[in-house]
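Overview (structure and organization)
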Amino acid sequence: MAIRNIREIGDSVLTKVSREVKEVDKRLLVLIDDMLDTLYHAEGVGLAAPQIGVLKRVVVIDVSEEGNDPIILINPEIIATDGCQVGDEGCLSVPGKVGTVERPNYVKVKAYDKDMKEFTIEGTELLARALCHEIDHLNGILYVEKVTGDIRDVMSSEEVDEANEE
Ligand code: NI
């Protein structure tokens with residue numbers, strides 16, 4: 001269990017296509033544990049392996065408020081989409097920024113679990129957005145390529161407090 005360094009935009013690893021996982025070995029289980037540690041430490045919604053410099057098709061997502069409901073996806077693949085949502089999106093690899101991205105409002109994803117058992121997961125709204133965003137990472141795509149309008153700075157809560165005092 002370890003917190004890994006999150007690669008940031010400009011790092012070429014983020015633009016590469018990740019390789020399919022053929023088998024779940026000890027190293028892959030460590031990778032998944034480390035991805036979860038890194039995700040929760042960074043208080044993110046999702047993390048893809050290339051974001052910690054590993055070009056393997058592994059994604060972790062947790063959209064729960066308590067942060068105790070991890071979804072682990074190996075070799076995920078979108079097999080159906082429906083509808084459309086337009087909303088703000090951020091990325092741990094693009095710190096302090098946010099931009100508006102159009103995504104499907106529903107997605108169905110096929111993936112493998114830690115036992116290499118195939119399963120499907122359906123998501124709407126935030127989960128659908130997270131699934132699309134993280135699977136994009138596996139294909140070397142950052143959300144900034146899909147933004148409509150400007151990429152904006154996120155105010156930290158401290159900055160918001162200061163702005164309110166002024
Ligand atoms: Ni991201």
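See the structure shown above.
A brief report on the enclosed structure follows.

On the basis of which strands lie adjacent, the open sheet formed by five strands has the order β1-β2-β3-β6-β7 and antiparallel pairing. Pairing within the sheet leaves two strands with one partner each, and these edge strands are β1 (46-48) and β7 (118-124). This sheet shows a mean twist of 40 degrees between the axes of neighbouring strands, independent of strand direction. Relative to strand β6 (residues 106-112), strand β3 (residues 71-82) is paired through six bridges, and the arrangement is antiparallel. Bridge pairing links I78 to V109 in β6. Sheet strands in contact with helix α1 (residues 26-42) are β1, β2 (58-61) and β3, and its direction is about 35 degrees off that of β2. In this fold helix α2 (residues 125-138) packs onto β1, β2, β3, β6 and β7, with an angle of close to 125 degrees to the strand it touches most, β7.

Our next topic: the coordination of the nickel ion. Coordination of the nickel ion by the protein involves C91 (SG), H133 (NE2) and H137 (NE2), with metal-donor separations of 2.0 to 2.2 Å. Written as a sequence motif, the donor arrangement for the nickel ion is C-x41-H-x3-H. Here C91, found in strand β4 (residues 85-91), pairs with H133, found in helix α2; they are 42 residues apart in sequence, far enough to count as distant. With respect to class, C91 is no different from H133; both count as buried.

By the secondary structure assignment, D37 is in helix α1. Sequence-wise, D37 and T81 are 44 residues apart; in three dimensions their C-alpha atoms are separated by 30 Å. When neighbours within four sequence positions are excluded, D37 is seen to be in contact with M1, A2 and I3. Within the local environment of D37, its side chain forms a polar contact with the backbone nitrogen of A2, the two atoms lying 3.1 Å apart.

For the rest of this paragraph, the subject is the pairing of β6. The alternating pattern of β6 places V107, V109 and A111 on a buried face, while none of Y106, K108, K110 and Y112, on the opposite face, is buried. In this structure, β6 lies alongside β7, joined through seven bridges in antiparallel fashion. By the bridge assignment for β7, Y106 is matched with T124. Where β6 hands over to β7, the hairpin turn is made up of five residues, of which M116 adopts a positive phi near 60 degrees.

This part is about a nonpolar patch on the surface. On the surface, a nonpolar cluster with roughly 200 Å² of combined accessible area is contributed by V45, V63 and L126. On the basis of relative accessibility, which here comes to 44%, the residue L126 falls in the partly exposed class.

The rules behind these values
- Residues numbered from 1 in each chain as written.
- Predicted model: local features only at pLDDT ≥ 70, side-chain atom pairs only at ≥ 80, totals over all residues.
- Heavy atoms only, no water.
- Pairing = 2+ DSSP bridges.
- Helix = DSSP H or I, 4+ residues; strand = E, 2+ residues; numbered from the N terminus.
- Axes fitted to C-alpha atoms, helices over the stretch in contact; angles between N-to-C directions.
- Contact = heavy atoms within 4.5 Å.
- Donors = N, O, S within 2.8 Å, 3.2 Å for Na, K, Ca; no water.
- Buried < 20%, exposed > 50% of the residue type's maximum accessible area, 1.4 Å probe, protein only.
- Polar contact = N/O pair within 3.5 Å; in protein donor to acceptor, adjacent residues only side chain to side chain.
- Patch = residues over 30% accessible without salt bridge, like charges linked within 9 Å, V, L, I, M, F, W, Y side chains within 5 Å.
- Areas by Shrake-Rupley, 256 points an atom, 1.4 Å probe, with all protein chains shown as cover.
- Salt bridge = Lys/Arg side-chain N within 4 Å of Asp/Glu carboxyl O.

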